[in-house]
Amino acid sequence: MATASAPPAADSGATTLLVPASARTSLKRARILFDGADVAGDGAGPDSSASARSSLAAATSAFVPPLFDPAIHRAAVARRIRARYPSEFRNLALKGDDDDEEGEGAGDGGKEKESATDRALRELRHEALERLRAGEAPDAGVGGGGSSDAGEGRLVLHRESDLNGGGATTAAPKAGGAIVLAGKGEGAGPSASSSGGKRRSRPGGILVERDGSSGGPDIPVPKWHAPWKLATVLSSHLGGVRSVAFDPSNTLFATGAEDRVIKVFDLAKACVAAPDGLKITLTGHISAVRGLAFSDRHPYLFSAGEDKMVKCWDLETNQVIRHYHGHLSGIYALKLHPTLDLLVTGGRDAVARVWDMRTKHQIHCLAGHDNTVGAILTKGTDPQIITGSYDSTIKLWDLAAGKCMTTLTHHKKSVRALAQPSFENTFLSGAADNLKKWVGTDGRFAKNFTGHKAIINALAVNDDGVVLSAGNDGTMNFWDYGSGYCFQKSSTVAQPGSLDAENGIYAAEFDLTGTRLVTCEADKTVKIWKEDEEASELTHPVDTTKWRKQCIAEAKRRY
């Protein structure tokens, strides 16, 4: 038992008082201090008061509390464990009875004196075992107890994730989520982790909470999707098709091309290649049409082109009713705000301009990019405008103030495509290096979609979580949006008589139902794709082995 020595008193001889280290020491010291205060208060004169003060000083110096009390420390450790691990306390990996017999033999046989840590661990195991046998639930504490400092004869609390890099102590593998009791020097090697081996108790044991996983990377489970196949080819334009848009009723879609015209098709008839699928052709631009958008609240179609012009078409009269002037060079992207009557355009002048579609006035000029603004997203919540540029950056803008909120510099190549799903507040960006998934609120990086080795010109997402990435070399990759698993890699079918250099995809969009995909290509065609109705999970299974290897390889990389 620990002892403490007190310094000699000033008015007496050099005497040394040995105080037993027990819980009664602090109580005795408090009682003497309390009695001394009463004597000082009831004394009749200054002599009694002086004698009381001297007795107080002697008692204070004599009864010094011990540095470590095993009983008090064991009770504190038990409370801390119940408060820190209320739900997993019943999952203690109890060592066998041979450990307990060994501990008792060490204490009674005189081989080696049992330390306070071993005694605390043994009593905790006994208590947990009795609770399990009696069918009682462990006490659920309130609050979170932190880990205590490592010291002589103390129980140290750690998490397994903190021990993986230290190398001092590791836990033997157990079931996920269990709390494993191990001692210093008990490694997780074959001898310690074998099912038939005995684990010995050692001084300086630690309490380890195992994580739910086995320490490897988090591998998401991909959702199965049917593969897509080509259904219809529309050869109507005389130049490469650059843009596509669907109307809110999902009955029409419009395409713009390098032949400077806009063609409006009936979706149902175009899917079956009916001769009367083309509804009308709109002329008015003097250069390639790079952006199209239908209004949700008005019968308007907006178009933008490399001729620096933004036009508003009235679909009831098929005429241009408004022009929006202000861009200094060609316009590459156009989007409408989902809730406000605002129009956002961006182009080669490295700015994104916000227009009031009714008054034709420019509201904001969002400057900050160093190169062409090639893609734009608009949302109903902040940040309401997201721009991707050829300077390999993405900017999130505050629409009310007209200022940049965040700049994302993760990409190494030009950002030419952006897409966002309708079921969660995230968005995708596509560049020649890879695809990246971001959190829509603050632009935090979420995930990489790797595997498409091409310049990504188009991205599209439907409500089923299918993502299409289309490249300038005609390659098409289909991904699962939730996990990032690429379930199909294919290439577009080249138009007979076209050059190899024309085998590229410029734009792509899913219809509102998500069952049809329209791609605009460099060979002057518009292709309509649909899911393979004969495919199933048996004919096209998910390659889990390849997916697991890819996730492990990506976890080892640094981005």
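Residues numbered from 1 in each chain as written. Predicted model: local features only at pLDDT ≥ 70, side-chain atom pairs only at ≥ 80, totals over all residues. Heavy atoms only, no water.

**A short note on the overall build of the protein chain**
- Looking only at helices and strands, the protein chain has 9 helices and 34 strands in total.
- For the protein chain, buried positions account for 46% of its 559 residues.
- By sequence separation, contacts in the protein chain at least 24 residues apart represent 52% of the contacts at least 6 residues apart. (Helix = DSSP H or I, 4+ residues; strand = E, 2+ residues; numbered from the N terminus. Buried < 20%, exposed > 50% of the residue type's maximum accessible area, 1.4 Å probe, protein only. Contact = heavy atoms within 4.5 Å.)

**Some words on the sheet that holds strand β30 (residues 475–480)**
- Overall, antiparallel pairing links the 4 strands, which are arranged β28-β29-β30-β31 in an open sheet. Each edge of the sheet is formed by a strand with only one pairing partner; in this case those strands are β28 (456–461) and β31 (486–491). Neighbour-to-neighbour, the strand axes of the sheet open up by a mean angle of 15°, direction not taken into account.
- Judged from the 5 bridges that link them, β30 and β31 form a sheet pairing that is antiparallel. Bridge pairing links T475 to S491 in β31. (Pairing = 2+ DSSP bridges. Axes fitted to C-alpha atoms, helices over the stretch in contact; angles between N-to-C directions.)

**Examining the sheet that holds strand β8 (residues 241–246)**
- What the 4 strands build is an open sheet, ordered β8-β9-β10-β11; its pairing is antiparallel. The sheet is open, and its two borders are formed by β8 and β11 (278–283), each paired with just one other strand. Going across the sheet, the axis of each strand differs from the next one's by a mean of 20°, ignoring polarity.
- Two strands pair when backbone bridges link them, and strand β9 (residues 252–257) and strand β10 (residues 261–266) are joined in this way by 5 bridges, in the antiparallel orientation. Its bridge partner being in β10, T255 is matched across the sheet by K263.

**Digging into the nonpolar core**
- In terms of nonpolar packing, the biggest core is built from 17 residues, with W228, L468, M476, F478, F510 and L517 touching the most fellow members.
- The contacts of M476, once residues within four sequence positions are left out, are L468, S469, Q488, K489, S490, S491, T492, I505, L517, T519 and W529.
- The next biggest cluster of nonpolar side chains, apart from the first, holds 15 residues, and it includes L234, F265, C271 and V518. (Core = buried A, V, L, I, M, F, W, Y, C linked by side-chain atoms within 4.5 Å.)

**A word on the pairing of β28**
- Within β28, 6 of the 6 residues are buried, leaving the element largely enclosed by the surrounding structure.
- With 5 bridges connecting them, β28 and strand β29 (residues 466–471) associate as antiparallel partners. When the bridges of β29 are listed, I456 appears paired with G471.
- In sequence, β28 turns back onto β29 through a hairpin of 4 residues, with G465 there showing a positive phi of about 85°.

**Overview of helix α9 (residues 544–556)**
- Between its terminal C-alpha atoms α9 stretches 19 Å, which fits the 18 Å expected from 13 residues at 1.5 Å a residue.
- Where α9 is buried, its residues touch β27 (445–449). (Expected span 1.5 Å × (residues − 1).)

**Let's talk about the pattern of salt bridges**
- A complete count under the given rule lists 12 salt bridges for this structure.
- Here D349 ties to R353 by a salt bridge, and the two come within 3.5 Å at their closest N and O atoms. Assigned by exposure class, D349 and R353 land together as buried.
- The salt bridge involving E424 is made with K437; its shortest N-O contact spans 3.4 Å. Residue E424 is found in the loop between β24 (417–419) and β25 (426–430), and its partner K437 is found in strand β26 (residues 435–439); the two are separated by 13 residues along the sequence. (Salt bridge = Lys/Arg side-chain N within 4 Å of Asp/Glu carboxyl O.)

**Details of the side chain of H285**
- Positionally, H285 belongs in the loop between β11 and β12 (289–294).
- A relative accessible area of 6% places H285 in the buried class.
- In terms of polar contacts, H285 uses its side chain to reach the side chain of S303, at 2.8 Å.
- In terms of polar contacts, H285 uses its side chain to reach the side chain of D307, at 3.1 Å.
- Not counting chain neighbours up to four residues away, the residues in contact with H285 comprise R260, I262, S303, A304, G305, D307, M309, K311 and W313. (Polar contact = N/O pair within 3.5 Å; in protein donor to acceptor, adjacent residues only side chain to side chain.)

**Examining the packing of aromatic side chains**
- Scanning the model with the defined rule gives 14 aromatic pairs in all.
- When the centroid spacing of 6.1 Å and the interplanar angle of 0° are considered together, the rings of W228 and F478 count as stacked. Taken together, the positions of W228 in strand β7 (residues 228–234) and F478 in strand β30 put the pair 250 residues apart, joining distant regions of the chain.
- For W228, a relative accessible area of 5% puts it in the buried group.
- The structure contains a cluster of three or more aromatic residues connected by ring pairs, namely W228, F478, F487 and F510. (Phe/Tyr/Trp six-rings, centres within 6.5 Å; stacked < 30°, edge-to-face > 60°.)

**Quick notes on the side chain of H369**
- Positionally, H369 belongs in the loop between β19 (362–367) and β20 (373–378).
- A distance of 2.8 Å separates a polar atom in the side chain of H369 from a polar atom in the side chain of T387.
- Polar contacts involving the side chain of H369 include one to the side chain of D391, which spans 3.4 Å.
- Non-local contacts of H369, meaning those with residues more than four positions away in its chain, are made with A350, T387, S389, D391, T393, K395 and W397.

**A closer look at unusual backbone geometry**
- Omega for the bond connecting D382 with P383 falls within 30 degrees of zero, at -5°, which places this linkage in the cis form.
- At S392, a residue that is not glycine, the phi angle is positive and equals roughly 70°.
- Considering the arrangement of structural elements, one finds S392 in the loop between β21 (385–389) and β22 (394–398).

**What to know about the confidence of the model for the protein chain**
- Confidence in the prediction of the protein chain, expressed as mean pLDDT, is 77, and 65% of residues score 70 or more.
- When the criterion is pLDDT under 50, residues 86–111 qualifies, and its contacts beyond four places in sequence or with other chains add up to 50 contacts. (pLDDT = per-residue confidence, 0-100.)

**Details of the environment of A454**
- The residue A454 is located in the loop between β27 and β28 in this model.
- Look at A454 and you get buried, because its relative accessible area is 9%.
- Separated by 21 residues in the primary sequence, A454 and T475 have C-alpha atoms spaced 7.7 Å apart.
- Beyond its immediate stretch of four places on either side in the chain, A454 contacts A431, A432, G471, N472, D473 and T475.

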